Amino acid sequence: QVQLVESGGGLVQAGGSLRLSCAASGRTFGSAMAWFRQAPGKEREFVAGITWNGGSTRIADSVKGRFTISRSNAENTVYLQMSSLKPEDTADYYCAVRFGVLSGSTYEYDYWGQGTQVTVSS
């Protein structure tokens, strides 16, 4: 089993930056890791994902050029560096692990964290 704990969320002004961390406990060897977000009244959506070796990333168009995903397998941690934040980025952000290829589908991930709140004020 894998347990995931997100941290780093909070309140930030538009244009600011925030770095989210997801610390994993348990085996993640060979996994893809990703960030999803869910805003009030909306479905959970894919934000960014990264393969095991970091050789491939996938970034949602809505955050491309502003968000960067990275991982440290030695630390069993994945990061989401967010910059140029916009009010529309306000959401609960979730970390997820999939023992398969990198995917943008909520249904294809095996483990989920509890989420961390990001609020961007205008």
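Up top you'll find the structure we're talking about.
Here is what the cut-offs are and how they apply
- Residues numbered from 1 in each chain as written.
- Predicted model: local features only at pLDDT ≥ 70, side-chain atom pairs only at ≥ 80, totals over all residues.
- Heavy atoms only, no water.
- Helix = DSSP H or I, 4+ residues; strand = E, 2+ residues; numbered from the N terminus.
- Contact = heavy atoms within 4.5 Å.
- Salt bridge = Lys/Arg side-chain N within 4 Å of Asp/Glu carboxyl O.
- Buried < 20%, exposed > 50% of the residue type's maximum accessible area, 1.4 Å probe, protein only.
- Polar contact = N/O pair within 3.5 Å; in protein donor to acceptor, adjacent residues only side chain to side chain.
- Pairing = 2+ DSSP bridges.
- Axes fitted to C-alpha atoms, helices over the stretch in contact; angles between N-to-C directions.

The next thing to look at is the environment of Ser7. Note on placement: Ser7 falls in strand β1 (residues 3-7). With residues near it in sequence (within four places) discarded, Ser7 still touches Arg19, Leu20, Ser21 and Thr116.

Two side chains with opposite charge may pair up if their charged atoms get near one another. Tallying each qualifying case throughout the model produces 5 salt bridges. Residue Glu45 is joined to Arg37 by a salt bridge in which the shortest nitrogen-to-oxygen separation is 2.8 Å. With relative accessibility at 36%, the residue Glu45 sits in the partly exposed group. Residue Arg98 pairs with Glu108 through a salt bridge whose shortest N-O separation is 3.9 Å. Placement of the pair is Arg98 in strand β9 (residues 91-98) and Glu108 in the loop between β9 and β10 (111-112), with a sequence separation of 10 residues.

Moving on to the side chain of Asp89. Looking at where Asp89 falls in the secondary structure, it is placed in the loop between β8 (77-82) and β9. At 2.9 Å, the side chain of Asp89 and the side chain of Arg37 are in polar contact. Asp89 has contacts with Arg37, Val63, Arg66, Phe67, Ser84, Val118 and Val120, leaving out every residue within four places of it along the chain.

This next bit is on the sheet that holds β8. Spatial ordering of the open sheet is given by β1-β3-β8-β7, a layout of 4 strands whose pairing is antiparallel. The strands lining the two open edges of the sheet, one partner per strand, are β1 and β7 (67-72). Here the strands of the sheet are splayed against their neighbours by 15° on average, with no regard to which way each runs. Direction of pairing for β7 relative to β8: antiparallel, over a ladder of 6 bridges. In the strand pairing of β8, Arg71 is matched with Val78.

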